[in-house]
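# Examining the three-dimensional arrangement
Here are the chains, one letter per residue:
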Amino acid sequence: MTLEQLEKEVEKLSQEERIELAERIMVSVQMDPEIEAAWIAEAERRWQELQAGKTKSIPAEDAIKAVRERLYAKRNTRPARPG
């Protein structure tokens, strides 16, 4: 099965099923300890900037909406893959 075929099958799932699948996939992927440490350091840096007033937070709903819009736009503008 190609990734494109798998993607079409996944699109048939309900939103709840797709979320569950995404969670299972994320759990199955083990992150390199160096990468994980870098992400933790980045999260800590961002938290310190937020606490110091150097940056502002935005509501999670707004952040998720923005990410979904970007992903949707990217998905609908990517070139067709051969196959």
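What comes next is a walk through the structure. Computed from a prediction, not measured in an experiment: that's the story for all the values here. (Residues numbered from 1 in each chain as written. Predicted model: local features only at pLDDT ≥ 70, side-chain atom pairs only at ≥ 80, totals over all residues. Heavy atoms only, no water.)

Counted according to the given criterion, the structure contains five salt bridges. Here the salt bridges do not stand alone but share partners, grouping Glu42, Arg45, Arg46 and Glu49 into one network. (Salt bridge = Lys/Arg side-chain N within 4 Å of Asp/Glu carboxyl O.)

The next thing to look at is the environment of Glu69. For Glu69, the location among the structural elements is in helix H4 (residues 60–77). For the pair Glu69 and Ala43, spaced 26 residues apart in sequence, the C-alpha to C-alpha distance is 23 Å. (Helix = DSSP H or I, 4+ residues; strand = E, 2+ residues; numbered from the N terminus.)

What follows covers a nonpolar patch on the surface. Taken together, the side chains of Met1, Leu3 and Leu6 make up a nonpolar region of the molecular surface, amounting to roughly 380 Å² of accessible area. Mapped onto the secondary structure, Leu3 falls in helix H1 (residues 3–10). (Patch = residues over 30% accessible without salt bridge, like charges linked within 9 Å, V, L, I, M, F, W, Y side chains within 5 Å. Areas by Shrake-Rupley, 256 points an atom, 1.4 Å probe, with all protein chains shown as cover.)

Here we take up helix H3 (residues 33–51). Helix length check: H3, at 19 residues, gives a terminal C-alpha distance of 27 Å against a target of 27 Å (1.5 Å per residue), a fit within 8%. Two residues or fewer past H3, Gly53 is found with a positive phi of approximately 80°. (Expected span 1.5 Å × (residues − 1).)

Before going further, it helps to examine the environment of Ala73. Tracing the sequence through the fold places Ala73 in helix H4. Residue classification places Ala73 among the partly exposed positions, given a relative accessible area of 39%. Each C-alpha atom, one on Ala73 and one on Leu50, is 29 Å from the other, the two residues being 23 residues apart in sequence. (Buried < 20%, exposed > 50% of the residue type's maximum accessible area, 1.4 Å probe, protein only.)

So far we have only geometry, and geometry alone does not tell us how the molecule works.
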